[in-house]
Amino acid sequence: LFEPLLEAYGSAQEGQLANHELYARLSAALDVDEAFWAAKEPVGRSQELICIPKRRVRWLQQTMKELGLLERTADRGVWRVTARGQEQLARNRP
């Protein structure tokens, strides 16, 4: 999931995507449908219903932020690839 996520940002206009746009691009890359992103499961003591795939994507975004590959924009739910992220993408491409 790490590489498809970074690739989605790298191929986006201006290197930035809102989360809903990211989920659409990941759906195509991973060959999953919209229901994959809508399914919720009970989690934790409270058994709150959470979408596990979206949660994993958000964790990856935070990890990539810590690695200097992504950064948040001023808009809520919008992230962009950094120069370091672009360098990583260039190394990964043949």
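Reading guide: rules and limits
Every chain's residues receive numbers from 1 upward, in the order its sequence appears when written. In keeping with the predicted nature of the model, local features appear solely for residues at pLDDT of at least 70, side-chain atom pairs appear and are counted solely at 80 or more, and the whole-chain, interface and lining totals rest on all residues. To get the side-chain values, all heavy atoms of the structure are used, and hydrogens and water are removed first. Salt bridge, as used here: a side-chain nitrogen of Lys or Arg that lies within 4 Å of a carboxyl oxygen of Asp or Glu. Throughout this description, buried means an accessible area under 20% of the type-specific maximum (1.4 Å probe, protein chains only), exposed means over 50%, and partly exposed covers the range between. Secondary structure follows DSSP: runs of H or I at least 4 residues long count as helices, runs of E at least 2 residues long count as strands, and numbering of each begins at the N terminus. A contact between two residues is defined here by any heavy atoms of the two lying within 4.5 Å. Note on aromatic contacts: the rings of Phe and Tyr and the six-membered ring of Trp form a pair at centre separations within 6.5 Å, being stacked when their planes are under 30 degrees apart, edge-to-face when over 60 apart, and tilted otherwise. Pairing between two strands requires that DSSP report at least two bridges joining them. Axis geometry follows a simple rule: fit a line to the C-alpha atoms, using only the stretch in contact for helices, then measure angles between N-to-C directions, giving values from 0 to 180 degrees.

Describing the pattern of salt bridges
Following the criterion strictly, the structure yields 1 salt bridge and no others. Between Arg 80 and Glu 71 there is a salt bridge; the shortest N-O distance is 2.8 Å. Relative accessible area serves as the criterion here: at 29%, Arg 80 is assigned to the partly exposed category.

Observations concerning the environment of Leu 67
By the secondary structure assignment, Leu 67 is in the loop between helix H4 (52-66) and strand S4 (70-72). A sequence separation of 45 residues divides Leu 67 from Leu 22, and the C-alpha atoms of the two residues are 19 Å apart. With near-sequence residues (within four places) excluded, Leu 67 lies in contact with Phe 2 and Arg 84.

With respect to the packing of aromatic side chains
Tallying each qualifying case throughout the model produces 2 aromatic pairs. With a centroid separation of 4.9 Å and an interplanar angle of 25°, the aromatic rings of Tyr 23 and Trp 37 are classed as stacked. One end of the pair, Tyr 23, is in helix H2 (residues 19-30); the other, Trp 37, is in helix H3 (residues 34-38), and 14 residues separate them in sequence. We classify Trp 37 as buried; its relative accessible area is 7%. Residues Phe 36 and Trp 37 carry aromatic rings whose centres are separated by 5.0 Å and whose planes lie at 85° to one another, so their mutual orientation is edge-to-face. Judged by relative accessible area, Phe 36 falls into the partly exposed class, the value being 35%. A network of ring pairs unites the aromatic residues Tyr 23, Phe 36 and Trp 37 as a single cluster.

A word on the environment of Ala 83
Here Ala 83 shows up in helix H5 (residues 83-92). Given the relative accessible area of 57%, Ala 83 is considered exposed. In this structure the C-alpha to C-alpha distance between Ala 83 and Leu 69, which are 14 residues apart in sequence, comes to 7.5 Å.

Remarks on the sheet that holds strand S1 (residues 16-18)
Strand pairing within a sheet occurs via backbone hydrogen bonds; the two strands may be parallel or antiparallel. If you trace the 3 strands from one edge of the open sheet to the other, you get S1-S5-S4, paired in antiparallel fashion. Looking at which strands have only one partner, the edges of the open sheet turn out to be S1 and S4. Mean inter-strand twist for the sheet, computed between neighbouring axes without regard to direction, equals 25°.

By themselves, these are just geometric observations and shouldn't be taken as functional.
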